[in-house]
Amino acid sequence: MTKFKHLLLAAALTAPGAFVATTAVAQVAGVAVADPEAAVANSKAWATARTQIQTTYKAQIDQATARRQAITTELQPLVAAYQKAAAAPGATEASLRTQAQAIQTREQTANAELQRLTAPASRAQAYALEQISAKLPDAVNAAVRAKNVSLLLRPNAALFAQPTVDVTSAITAELDRLVPTVGITPPANWQPGQQGDAPAAAPAAPAANTRAPTGR
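Residues numbered from 1 in each chain as written. Predicted model: local features only at pLDDT ≥ 70, side-chain atom pairs only at ≥ 80, totals over all residues. Heavy atoms only, no water.

### A few points about helix 6 (residues 136-146)
Heads up, the rule is: Only protein chains enter the area calculation, which uses a 1.4 Å probe; residues under 20% of their type maximum are buried, those over 50% are exposed, and those in between are partly exposed. The helix count covers DSSP runs of H or I at least four residues long, the strand count covers runs of E at least two residues long, and both are numbered beginning at the N terminus.
Restricting attention to buried positions, one finds in helix 6 the residues Leu-136, Pro-137, Ala-139, Val-140, Ala-142, Ala-143 and Val-144. Just beyond helix 6, the residue with positive phi is Asn-148, at close to 55°.

Right, here's the structure in full:
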């Protein structure tokens, strides 16, 4: 869910009084909790958009997956050699610096390559999420009105809450009503943050599954 976090938090905060962080809520009537990230993740519009993106950009996604695997294979012997050198008697940060920098440079290049390959899919994903998030404040307001909620908290802001006070699904239902579908093809001049007041989530491009060592 992390790829929704910044986008949805910003969108939710555009609804005045929708989310109030407080711990002094004991015995207050009309208190409920909701997870806006989950509300969007469970929406029909996002499920449909995700499927469309996976189909439309399948070639690029498959290419990125293959390259990620190849890069991991390429880096494994370099990392193993570094680890062996680091374990040798007398190894120092200075003696290991060249190997570490070589691995880090290759990893940075690999990540840049993967970002280029996944850029079209990431852009489509950001565009779809931004369209849904633009309706999140309206969905929150509609859900709290329907449930007679006077104070809405994120789940991690409440010390304890009965499952019956979670209105996440009600917000998702409102999103399904307000935005049943979204497009996945952004206009040529579209930039994240242009859809409504909420900024889009940063495109989540896959990174090489490697970890550059550091000198000890």
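On we go from here.
### Things to note about the confidence of the model for the protein chain
As a reminder of what qualifies: Residue-level confidence of the predictor, termed pLDDT, takes values from 0 up to 100. Contact definition: two residues touch when any of their heavy atoms are within 4.5 Å.
Scored by pLDDT, the protein chain has a mean of 82; 76% of the residues are at 70 or more. Confidence over residues 3-28 falls short of pLDDT 50; this stretch has 50 contacts with residues more than four positions distant or in other chains. The low-confidence segment residues 196-216 (pLDDT under 50) makes 61 contacts with residues lying over four places distant or belonging to another chain.

### Things to note about unusual backbone geometry
With a phi angle near 55°, Asn-148 is a residue other than glycine that sits in the positive phi range. By the element assignment, Asn-148 lies in the loop between helix 6 and strand 2 (151-153). You can call Asn-148 exposed: its relative accessible area is 63%.

### Digging into the packing of helix 6 against helix 7 (residues 168-178)
In a pair of packed helices, the angle between the axes and the distance between the axes together describe the arrangement. Quick note on the threshold: Here, axes are lines fitted to C-alpha atoms. For helices the fit covers the stretch in contact, and angles between N-to-C directions go from 0 to 180 degrees. Put simply, angles under 35 degrees are roughly parallel, angles over 145 are roughly antiparallel, angles from 65 to 115 are roughly perpendicular, and the rest are oblique. Throughout, a crossing is termed right-handed when the near helix is turned clockwise from the far one, and left-handed when it is turned anticlockwise from it by less than a right angle. Three classes are used, and their members are as follows: Ala, Val, Leu, Ile, Met, Phe, Trp, Tyr, Cys and Pro are nonpolar, Asp, Glu, Lys and Arg are charged, and the others, Gly among them, are polar.
Across the interface, helix 6 lies against helix 7 with an axial gap of 8 Å and an inter-helix angle of 125°. One finds that helix 6 runs oblique with respect to helix 7. The two elements helix 6 and helix 7 meet at a crossing, and its hand is right-handed. From helix 6, Leu-136, Asp-138, Ala-139, Val-140, Ala-142 and Ala-143 reach across to helix 7, where they touch Ala-170, Ile-171, Glu-174, Leu-175, Arg-177 and Leu-178. Of the residues in the contact of helix 6 with helix 7, the class split is nine nonpolar, no polar and three charged.

### A short note on helix 7
Of all the positions in helix 7, only Thr-168, Ala-170, Ile-171, Thr-172, Glu-174, Leu-175 and Asp-176 are classed as buried. Contacts made by the buried residues of helix 7 are with strand 1 (31-33), helix 2 (36-41), helix 3 (44-56), helix 5 (93-133) and helix 6.

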